[in-house]
Structures are given as C-alpha cells and as structure tokens.
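Each chain is listed here by its residues.
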Amino acid sequence: MGLHILGTGSYVPEKIMTNDDYKAFIETNDEWIRTRTGISSRHISTGEPTWYMGAQSAKAAIEAAGIDPSDISLVIDTSVTHDYHTPATACIIQRETGAVNAACFDLGAACAGFVYAMDIAHRYLKTESGAKYALVVANEQLSKITNYEDRSSCILFGDGAAAAVVEYDENALYSSHLGADGTGAKYLYAKHTEFDPPFEEDAEKWKDIEEKKSGRYGHCLTQDGKEVYRFATQAMPKAAKAAAEKIGMTLGSLDKIIPHQANIRIIETAMKNMKLSMEKAVINIKNHGNTSSASIPIALDEAVRSGEIKRGDKICLVGFGAGLTYAAAILQY
Ligand code: UT7
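How each quantity is defined
Residues numbered from 1 in each chain as written. Predicted model: local features only at pLDDT ≥ 70, side-chain atom pairs only at ≥ 80, totals over all residues. Heavy atoms only, no water. Helix = DSSP H or I, 4+ residues; strand = E, 2+ residues; numbered from the N terminus. Buried < 20%, exposed > 50% of the residue type's maximum accessible area, 1.4 Å probe, protein only. Contact = heavy atoms within 4.5 Å. Areas by Shrake-Rupley, 256 points an atom, 1.4 Å probe, with all protein chains shown as cover. Near = heavy atom within 4 Å. Polar contact = N/O pair within 3.5 Å; in protein donor to acceptor, adjacent residues only side chain to side chain. Nonpolar A, V, L, I, M, F, W, Y, C, P; charged D, E, K, R; others polar. Domains from an automatic or database assignment. Pairing = 2+ DSSP bridges. Salt bridge = Lys/Arg side-chain N within 4 Å of Asp/Glu carboxyl O. Buried area = accessible area lost by both parts, 1.4 Å probe. Disulfide = S-S within 2.5 Å. Axes fitted to C-alpha atoms, helices over the stretch in contact; angles between N-to-C directions. Expected span 1.5 Å × (residues − 1).

**Student:** Hey, could you go over the overall build of the protein chain for me, with residue numbers and the actual values?
**Tutor:** Within the protein chain, the regular secondary structure consists of nine helices and 13 strands. When its C-alpha atoms are laid out on the principal axes, the protein chain stretches across 55 × 45 × 40 Å. Classification of the 333 residues of the protein chain by burial places 54% in the buried group. Restricting to contacts in the protein chain with at least 6 residues of sequence separation, those with at least 24 account for 79%. Surface summary for the protein chain: the accessible area is close to 14700 Å², and the carbon and sulfur share equals 48%.

**Student:** Residues and numbers for the site of the ligand, please.
**Tutor:** Around the ligand there are 22 residues in total, and T28, R36, Q223, K226 and N263 lie nearest to it. With respect to the ligand, the side chain of N290 contributes an N or O atom lying 2.8 Å from an oxygen atom. For the ligand, the protein covers 74% of the area, taking 950 Å² as the surface of the free molecule. Going through the elements one at a time, α1 (30-37), α5 (151-154), α6 (225-246) and α7 (264-273) are the ones with two or more residues in the shell around the ligand. Partitioned by chemical class, the residues of the shell around the ligand number nine nonpolar, eight polar and five charged. If you count residues domain by domain, the shell around the ligand takes at least three from each of domain 1 (2-172) and domain 2 (175-185 + 220-332).

**Student:** Describe the side chain of T222, listing the residues and the values that go with them.
**Tutor:** Residue placement: T222 occurs in strand β10 (residues 221-223). For T222, a relative accessible area of 12% puts it in the buried group. If we ignore the near neighbours within four places in the chain, the residues touching T222 are Y187, L188, Y189, E211 and K213.

**Student:** Tell me about the pairing of strand β1 (residues 2-11), residues and numbers included.
**Tutor:** In terms of residue burial, β1 counts as a mostly covered element, since eight of its 10 residues are buried. As paired strands, β1 and strand β7 (residues 159-169) are joined by nine bridges and run antiparallel to one another. When the bridges of β7 are listed, L3 appears paired with Y168.

**Student:** With reference to specific residues and values, describe the environment of A110.
**Tutor:** The topology assignment puts A110 in the loop between β5 (103-106) and α4 (113-127). Residues A110 and V80, spaced 30 residues apart in sequence, show a C-alpha to C-alpha distance of 5.9 Å. When near neighbours in sequence (up to four residues on either side) are disregarded, A110 contacts V80, S292, S293, G321 and A322.

**Student:** Now, about the pattern of salt bridges: what can you tell me, with residues and values included?
**Tutor:** Pairing is possible between side chains that carry opposite charge, provided their charged atoms lie close to one another. Enumeration over the complete set of coordinates arrives at nine salt bridges. Here R95 makes a salt bridge to E96, at a shortest N to O gap of 2.9 Å. A residue is classified by how much of its surface remains accessible, and E96, at 26% relative accessible area, is partly exposed. The closest approach of N and O atoms between D119 and R123, which form a salt bridge, is 2.8 Å. Here D119 and its partner R123 are both found in helix α4, four residues apart, which amounts to about one turn of the helix.

**Student:** Report on the domain arrangement of the protein chain, specifying residues and quantitative values.
**Tutor:** Its domain assignment divides the protein chain into domain 1 (2-172) and domain 2 (175-185 + 220-332). If you average the C-alpha positions of domain 1 and of domain 2, the two centres end up 16 Å apart. On the domain 2 side, the residues contacting the 50 residues of domain 1 number 43 residues. A buried area of about 3500 Å², summed over both sides, lies between domain 1 and domain 2, and 61% of it is on carbon and sulfur atoms. On the domain 1 side of the contact with domain 2, C111, V115 and Y116 bury the most area, a combined 18% of that side's loss.

**Student:** With reference to specific residues and values, describe the state of the cysteines.
**Tutor:** Disulfides are covalent bonds that connect the sulfur atoms of two cysteines. The full count for this structure, using the stated rule, is zero disulfides. Cysteine C104 remains unbridged, with the sulfur of C91 as its closest cysteine sulfur at 4.8 Å. This cysteine, C111, is not joined by any disulfide, and C220 carries the nearest cysteine sulfur, 15 Å off.

**Student:** Can you lay out the sheet that holds β5 for me, pointing to particular residues and giving the numbers?
**Tutor:** Across the sheet, five strands lie side by side as β1-β7-β6-β4-β5; this open sheet has mixed pairing. One side of each edge strand has no neighbouring strand; the edge strands of this open sheet are β1 and β5. Between one strand axis and the next, the sheet turns by 15 degrees as a mean value, whatever way the strands run. Judged from the four bridges that link them, strand β4 (residues 72-77) and β5 form a sheet pairing that is parallel. Across the sheet, the residue bridging to V75 is C104, located in β5. Set on the sheet, helix α3 (residues 89-97) makes contact with β4, β5 and β6 (133-141); between it and β5 the angle comes to about 135 degrees.

**Student:** An account of helix α9 (residues 295-306) is requested, with residue identities and associated values reported.
**Tutor:** Relative to the 16 Å expected for 12 residues at 1.5 Å per residue, α9 spans 16 Å between its end C-alpha atoms, a close match to the ideal helical length. Across the 12 residues that make up α9, a large majority, nine, are buried. Buried residues of α9: S295, I296, P297, I298, A299, L300, D301, A303 and V304, and no others. Count one or two residues on from α9 and you reach G307, which has phi positive near 90 degrees.

Right, here's the structure in full:
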C-alpha cells in the first residue's frame, strides 16, 4: 500500500535577504520578524527562474535516488509561481532531467502542493501498469508575487526548490488525508497576471475575491494573516490525525513531523494540538522563511542530508495553503 522515497534534492538561490535588509524599504525590525514568525533570513532569486530552480533540485533528487531518469513514469510540478501560463513546468523539468518517458503535469494546491502531489504519485504508481518511479518537484520564486510594500506579508516569503523521486512499494507504510475549504479562498490569493482581454465588456461584473488593485504589486499575494493563522493551527492537526487514524496509528509513534514552514508560532500551536513535543518537528524556517510548496520538501531534504531523518523513520508531511487547502501524508523514510 505504500510509498518509498528513493532520493531527495533541493536548491536555493545564493542571495540571502536578512530581516535587516527589509529596513531599506519598509518600517520593520529584526526583533518583530523573529519573534512573530521565527524567520531570520530567506533566499531570494536574482533571476534564476522557477523552472531552473526546480530542475536543479530534480537532478539532485535523481542522483540521490541513483536511478536512470528514463525510468521515471510521471513528473508532477507543484509551483504556484510558474514562469509560463503554458506549457506545464513539469514538461520543462522533463526536458532538463531526461525523464523522457514520463507523463508530465502541474498540480495546484499551493503550500500543500507537495503533499498533494506525493499522494497523486502514489495512486498513479499503484495503478499504472509498468510505472516505476515518479518525480515530484516543488519550486517557487515567491519574490515574483510578493508585495514588497506590504510589511506584514513580504517578510514571510523566500525562494527555493526541492524534489523527490518515489516508487510504489506494496509493503511500505503509507496513509494520507487531503482536504480543502474553498470558502477561505478569499483569505490568501494572488490574482492572475494582469491582462486586458480585447473583447472584455464588464470586468466589474465578474470580479470575485480580489481587492481592487493595480500597479507594480497588483498581481501579488494578498492575505488575511489572522484568518490563515487560525485555519493553519487547526487544519494541520486535523489532516495528520485523519491520516494516522486510517491506519490505526497514533501520532505519538511518529519519529518526525515535517510541517509547512509558514510561521514558527503556527507550528508550535499545531504541535501542541497534536500533543507532540517540538523535538519531533523538523524546522528550517529561520533560514528559509515560507517557500510555499517547496517548504516541506526543502525541510525534508535538509533533514535527510543532515541525518536528522534516517532510513526507517516514520514521518508525517503536513501542510496547508491557499485554497484553503490542507494535506498530510504518513510514510516511512
Ligand atoms: O503559506 C501560508 C501563508 N500565510 C501565512 O502563513 C500567514 C499566517 N499569519 C501569520 O503568520 C501572522 O498573522 C503574521 C506574521 C502575518 C502577522 O502576525 P500577527 O501577530 O498576526 O501581527 P498583526 O498583523 O496583528 O500585526 C501586529 C502589529 C501591527 O501593528 P499595530 O496595528 O498593532 O500597531 C502591524 O502593523 O505589527 C505590525 N506589523 C509589523 N511591525 C513591524 C506588521 N508587520 C510588521 C513588520 N514589522 N514586518
């Protein structure tokens, strides 16, 4: 019934932006950012596009897995910051990695995207005859959709990518729970790139959740931080508990939880709600901030490479994001 992670990889841009660097354009300070979010610095792209970061992390994951890329049957990319409307970023990842025999598509579940994609990969590998491996890539250049005039959100986000090569293994541990609450769509969104369709007659009539915004940052992420915070502290425990219950497991028997790195206070509250000590949480928010769908796999890759997560460990990947979405997957590394 299970999923086995064969290899992981990650990539972050060289440029580091510290909390103090924001003082050049917004009124803020290191102490506020650190105590309210747990973030000290984040990596920011100086030009490397989303696809490039994803491809670098994918190559590292393929190398760690020790497989031939032509044996990959599926590539799923989870970015919310694609470089193109079309083609799918997954197709560009295929071009870059040599996964020539793979079906390729993108999946949009925001910061929960990596967990959603792992689950879809599991189902695909289980049912597709002859399918060997899947490559899941989470790559984000959030600096493209960050409003650097909004001090309550711009300090949160960073850029980066990570990927995993997985295979279906009938004997491996696996359970998941995916969900969403579309009524919360208005609490976290970025409007599609501004575009003026030539035959549009009444743009106002079709206006949905977005605030009226224009200018340089009109397409950027807008959030109601308090609503997202409230949702996150409940949704992550809910998803993790539901995944555990499906296989008659208690969260206490997990070795590590890898939560979406959005805010250290969200993680602390969620861990408390799951009755788990913070020692069980993999945390890297201090040096990365929130990298949306890339945040869980970057944390996973760093934990694997540092030895914090070892072969055989029972882990839970759990996230939430715009949608509002939430997802958890339990597996054995
Ligand atoms: O992937 C999901 C993405 N989103 C999230 O995860 C967001 C979840 N929400 C959060 O993490 C928190 O709500 C924030 C970090 C966004 C905000 O923290 P908060 O404790 O809810 O702060 P607040 O918005 O209530 O603001 C408190 C004060 C305000 O000042 P006044 O009105 O009390 O005078 C803000 O103007 O802090 C001020 N403030 C800042 N001060 C210094 C807001 N941003 C900053 C800043 N530096 N960067």
